[in-house]
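# Results of the structural survey
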Protein chains: 2
Amino acid sequence: MKHVMRKNAEPVPFTRVKIEDQFWANRIQINKEHTIPFQYQKCKETGRIDAFKLDWKSGIEPVPHIFWDSDVAKWIEAASYSLATCYDPKLDALLDEVIGLIASAQQPDGYLNIYFTVVEPEKRWTDLRDAHELYCAGHLIEAGVAHYEATRKRNLLDVVCRYADYINEVFGPEEHKKKGYCGHPEIELALVKLYRATGEERYLSLSKFFIDERGKEPNYFEEEKKKNGPGYFEELFSTFDNLKEYNQSHKPVREQERVVGHSVRAMYLYSAMADLAKETGDDSLTRACERLWENLHKKNMYITGGIGSTAKHEGFTFDYDLPNETAYAETCAAIGLVFWNHRMLQLDCDGKYADALERALYNGVISGMSLDGKKFFYDNPLASLGDFHRKEWFDVSCCPPNLSRLLASLGQYIYSQNDEEAIVHLYIQGSARLHIGQKDIILKQKTNYPWDGNIFVELELEQPAMFALKLRIPGWAREASVKINGETFDIAHHIEKRYVRIERQWKNKDQVELVLPMPIERVYAHPNVRQNRNCVALQRGPLVYCLEGADNPEPLYAISLPRTSILQAQFDERLLGGMVKITGQALRCDDSDWDGELYRTTPPTAKPFEFTAIPYYAWDNRQPGQMIVWIPEA
Amino acid sequence: MKHVMRKNAEPVPFTRVKIEDQFWANRIQINKEHTIPFQYQKCKETGRIDAFKLDWKSGIEPVPHIFWDSDVAKWIEAASYSLATCYDPKLDALLDEVIGLIASAQQPDGYLNIYFTVVEPEKRWTDLRDAHELYCAGHLIEAGVAHYEATRKRNLLDVVCRYADYINEVFGPEEHKKKGYCGHPEIELALVKLYRATGEERYLSLSKFFIDERGKEPNYFEEEKKKNGPGYFEELFSTFDNLKEYNQSHKPVREQERVVGHSVRAMYLYSAMADLAKETGDDSLTRACERLWENLHKKNMYITGGIGSTAKHEGFTFDYDLPNETAYAETCAAIGLVFWNHRMLQLDCDGKYADALERALYNGVISGMSLDGKKFFYDNPLASLGDFHRKEWFDVSCCPPNLSRLLASLGQYIYSQNDEEAIVHLYIQGSARLHIGQKDIILKQKTNYPWDGNIFVELELEQPAMFALKLRIPGWAREASVKINGETFDIAHHIEKRYVRIERQWKNKDQVELVLPMPIERVYAHPNVRQNRNCVALQRGPLVYCLEGADNPEPLYAISLPRTSILQAQFDERLLGGMVKITGQALRCDDSDWDGELYRTTPPTAKPFEFTAIPYYAWDNRQPGQMIVWIPEA
């Protein structure tokens, strides 16, 4: 397989990026100081870590769960990222301790999985559809790569390389090898990371093998069940309408046209497809990604960037089916959406990918964590009757460590670069160290984003340098203006796929001022979204707003918003640590003149009141109450 | 127990009532000619009837189901009613044949149940919570009474009396008897019927015992499970939030304040409570019924008279929770609502009970059957995306025979009488033979109801007679006027609980003309019904209307109805056999100017079109398509 060079970009690694803002830095700090230690503690006290000692015996409770390896792996990944940006010798030592335990669990042949070593060792590789065996391997590989890149230590990397080498002996195109792939995609993108970290092409080939096999007929999983009998989740899975769609094995990936099935599986699969497209130049994968991207973002995505409408199979239903109260919109799926869009953005620097990434990040991803970093949403509905709240932990606890690893590595999503361009995708105060055309450049951002849209970029260079600075014009920005060193720059002829491209000889202390006016927007859903008919949502900049019981009279569903109401945005420093709220006059149906009957022939009367809307991500951080995003427009 | 006489009314039995109209007579004919024979055939070919031969042996498929006895019993009941109004010697003989088979299955001690005789005989009376054993007994008893009253033959009545006597030996207040009751109420109301048919007070006492025991602590079902282990539906029931509420054993019935749990169970329970209140004069039961009635009808009933919002436990959720697309609104539950309101109406002649009965009957009950009588809805949603259709039969096939027995005995719901009053509850063309104050009276109704509200009542008497004629003024009628023999009668001072009471010396050929203007009404739901916020439904007379894809452009959820639109009602003889349709101008959101994005900042534009609405009961009788009842009001 030849490594094809394409004129595209690489993310600037988070180790070269500093975040020094009001919005994210505090979250990252809480993640480091509270969330990551808390998750270690939960992994420890629930037996997930000690399970690597392999001393479980039949009869002991709890029985190690098939997911456990991945929870610990995601914790290692998050902790490693955190260590890379803010060194902590205790955490470093703790990581080595846990890694030592994991290494000790590796079998002589390289195999490494708790459940299939101590609970059902005879079933190794017999239930790829249900048992998450390669999925757990994928997370261990991601952890190994993350730990290596954070510390340059090879103690976990070597372990996962041995495991990947063993997997490469079991699976592959050669006749004696299994032609299977995992029911839950994950190892595919992990193997690309391992390839990038080690340069070993066999890992890229193995990833491509898994992607190419997926969905071929006869279906591997159906054959597997014929041969090996019911899977681990047989009973649950038998209630699903279409199990092949559930795990995206219904068609070869290049023929898939609609997003189907379990939404996290879909995001990890498409992320790997984008990775492979980038590494191998396989345009058939790029085209499949683009097709699936259109279907997802134009017919199946909540305004919060949440995806997957139904709890039943944690996934997609049908185009335009976006119920609010029962929205599943799993935190991990929104994170997966960030992963995938980030990869698409490196393939093709189109602002639509950054828009989607930003939408998810500022709304449906961070809604997953309480402001104090202590509680989590697994699902993220867009309306609540008041009985839905974050929890500290879950039996299947994929979301909390997934959030942690995202936050701890957030810096990587802000910038990309290639040999000619420095690209700013997200506006977050801080700095980045770039290396363009043999020259070191420091790019500093000063902004109060997302509370306003004024961004100052300053460059530090030892000598002047010719390159293009690309600044994203977000999709939500109807107008944008740029000044360079105080002088207006006419952006009209310099827009490329929603980025303004400023190519010139840059010199030290050059300043670029980007102004993105941030009015309150009334947003409407496509008429085919029946759940939002005649409703409006409020958005300002990248933030989607909601009404919460803490600020507004319940029941909230009795509220409507006249189309003519004047809306104000105001920063309130006492509100939940400081945020911009939206206020204005709304109407509220009143049942005071209603005689108690359930139905009558005169409509309810409505009275005006002053409503307050807060950013969606911040809901459920005060007293329990109702919440709505979509408001009927009167 | 003393039989207390109360000044209330008795239904005029359907054997004394003739239905000769355009709306119902045809349905009753189809029920007789097609539905009842078809249901026999299904009971026969699925093994339900031959199962009474008790020749099932372990290993034979299908295993008799615990519900089977009740399906056959409801068929006997329906067939008996049909026989009573329209004699058919073949049906009479067929009934005797089936009854002979049932009689042959009765055990020497009187016990009679297929499942617990051939499949698990050792488990008799050990799973009252789940196994429907007393429920099946109740339906057999109802069948026995119906067959006796239709034919005056005692062949089934004697069988069920022996069975009831045996049950009376097993259950009761005496120390050696079981203190249990059925998880599915039904036998309670059946025993009151048996008491009324036989005059044997022990049946009334046994019914009262079951009602009084229900909900006492310690809970019988919890004790039963401790003693006997998991029930027949343990796995399903373990997924319910509150199993004691599910089967209404959470509190003694007199303390129950809210409708909870499985809605058919609730209706049968409350019906029995009303029966007992009437027979025993127990006001505590009347008060409990009135409280539950208020909660159900003012907070938990669809506009169609459908009840039970969720498929999960086939029942009630919480006040004002009335989702449309996912409405369960089981046909049997709407029928149960008719049963209960009919009983309440005999306790207290208040039009509110007749209004509820009529609402269910003309909407959520008959929607359960296709116009050709061949297909059935189990659940009756108030909105459909086009993939919901009636079926010929169900594995658990309670609804089709329940509809059949209701239609075959429809005459009993039209009139009541006591010694001083002839009461007309429903306006259906035909006649009734009354016996008031020792005099025979024939009351004839001439009307085109429900298509218009003009009703002519003519009396035939041999001699003049003093009594009161009470005519119901439906809740939907804003105005009503009465003429007696062509002269205006001022009704204002003669209204009693929504009935106009005309007391006078009536003579032969006296005519009363009641005019109920029937404009199209726009109906609004209580503001707490969040699913219908800003929506309107159309109703004309007792009929709720809907929009269907066959008449209107899909997607229907893109339609809204301006508050100012002028609406027309017109009888269309070519429409589904002839019915009044509603037409007018509505708006339809158009996506022709929508650029494919899922969200945008300008609202969709709407274009006017001429809509057609048809009565809700008649939907899904043409090509498959969408349907909505509640329309956003623009």
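Residues numbered from 1 in each chain as written. Chains lettered and ligands numbered in written order. Predicted model: local features only at pLDDT ≥ 70, side-chain atom pairs only at ≥ 80, totals over all residues. Heavy atoms only, no water.

## So, the sheet that holds strand 12 (residues 495-496) of chain B
Residues and elements named next belong to chain B.
- Spatially, 1-4-5-9-13-12 is the arrangement adopted by the 6 strands of the open sheet, whose pairing is mixed. Whereas interior strands pair on both sides, the edge strands pair on one side only; in this sheet they are strand 1 (10-11) and strand 12.
- Relative to strand 5 (residues 421-424), strand 4 (residues 415-417) is paired through 3 bridges, and the arrangement is antiparallel. Bridging across to strand 5, S416 finds its partner in I423. (Pairing = 2+ DSSP bridges. Helix = DSSP H or I, 4+ residues; strand = E, 2+ residues; numbered from the N terminus.)

## A closer look at unusual backbone geometry
All names here are of chain B.
- With an omega dihedral of -5 degrees, the bond running from E61 to P62 counts as a cis peptide bond.
- With respect to the helices, strands and loops of the structure, P62 is situated in the loop between helix 1 (24-45) and helix 2 (68-85).
- At the junction of E217 and P218, the peptide bond is cis and its omega measures out at -5 degrees in the coordinates.
- By the element assignment, P218 lies in the loop between helix 8 (201-213) and helix 9 (220-228).
- If you check the backbone angles, H132 has positive phi at about 60 degrees while not being a glycine.
- With respect to the element layout, H132 can be found in the loop between helix 4 (115-118) and helix 5 (133-151).
- For H132, a relative accessible area of 6% gives the class buried.
- A positive phi angle, close to 45 degrees, is found at A329, a residue other than glycine. (Buried < 20%, exposed > 50% of the residue type's maximum accessible area, 1.4 Å probe, protein only.)

## Concerning the state of the cysteines
- Applying the stated criterion across every chain, the model contains 0 disulfides over all chains.
- The thiol sulfur of B:C399 is not disulfide-bonded, and the nearest other cysteine sulfur, from B:C332, lies at 3.5 Å.
- On the basis of relative accessibility, which here comes to 0%, the residue B:C399 falls in the buried class.
- There is no disulfide at B:C589, and the cysteine sulfur nearest it, in A:C535, is 11 Å away.
- Judged by relative accessible area, which is 17%, B:C589 ranks as buried. (Disulfide = S-S within 2.5 Å.)

## Examining the confidence of the model for chain A
- With 99% of its residues at a pLDDT of at least 70, chain A reaches an overall mean of 95.
- In the predicted assembly, ipTM is 0.93 and pTM is 0.93. (pLDDT = per-residue confidence, 0-100.)

## Notes on helix 15 (residues 351-365) of chain A
- With 15 of its 15 residues buried, helix 15 of chain A lies for the most part within the structure.
- Capping the start of helix 15 of chain A, A:D350 holds a side-chain oxygen 2.9 Å from the backbone nitrogen of A:K352, two or three residues further along. (Polar contact = N/O pair within 3.5 Å; in protein donor to acceptor, adjacent residues only side chain to side chain.)

## Thoughts on the packing of helix 12 (residues 263-280) of chain B against helix 14 (residues 331-347) of chain B
Residue and element names in this part refer to chain B.
- Axis separation between helix 12 and helix 14 bottoms out at 8 Å; the angle between their running directions is 15 degrees. When the axis of helix 12 is compared with that of helix 14, the two are roughly parallel. Regarding helix 12 and helix 14, the two cross each other, and that crossing is left-handed. Residues S263, V264, M267, Y268, Y270, S271, A274, D275, A277 and K278 of helix 12 form the contact with helix 14, whose own contacting residues are C332, A333, G336, L337, F339, W340, R343, M344, Q346 and L347.
- Residue composition of the contact of helix 12 with helix 14, grouped by class: 13 nonpolar, 4 polar and 3 charged. (Axes fitted to C-alpha atoms, helices over the stretch in contact; angles between N-to-C directions. Parallel < 35°, antiparallel > 145°, perpendicular 65-115°, else oblique. Left-handed = near helix turned anticlockwise from the far one by under 90°. Contact = heavy atoms within 4.5 Å. Nonpolar A, V, L, I, M, F, W, Y, C, P; charged D, E, K, R; others polar.)

## Digging into the relation of the copies chain A and chain B
- For these two chains of identical sequence, chain A goes onto chain B by a turn of 180 degrees and a shift of 0.1 Å along the axis, with RMSD 0.0 Å. The superposition operator between the copies reduces to a two-fold rotation axis. Looking at the rotation axis and the C-alpha trace of chain A, the residue lying nearest is A:A634, at 4.1 Å.
- When the interface residues of chain A are mapped onto chain B, 100% of them again fall at the interface, so both copies present the same face. (Least-squares fit on C-alpha atoms with pLDDT ≥ 70 in both.)

## Digging into helix 12 (residues 263-280) of chain A
- Here helix 12 of chain A is 18 residues long and its end C-alpha atoms lie 25 Å apart, about the 26 Å a rise of 1.5 Å per residue gives.
- Counting buried positions along helix 12 of chain A yields 18 of 18 residues, so the element is predominantly enclosed. (Expected span 1.5 Å × (residues − 1).)

## Let's talk about the sheet that holds strand 10 (residues 481-484) of chain B
Residues and elements named next belong to chain B.
- Taken in spatial order, the 7 strands make up an open sheet running 2-6-7-8-14-10-11, and their pairing is antiparallel. Two strands close off the open sheet at either side, each with one partner strand: strand 2 (17-19) and strand 11 (487-489). Shown here is a sheet whose adjacent strand axes are inclined to one another by a mean of 25 degrees, direction ignored.
- Judged from the 4 bridges that link them, strand 10 and strand 14 (residues 511-515) form a sheet pairing that is antiparallel. Residue pairing across strands places K483 opposite E513, the latter belonging to strand 14.

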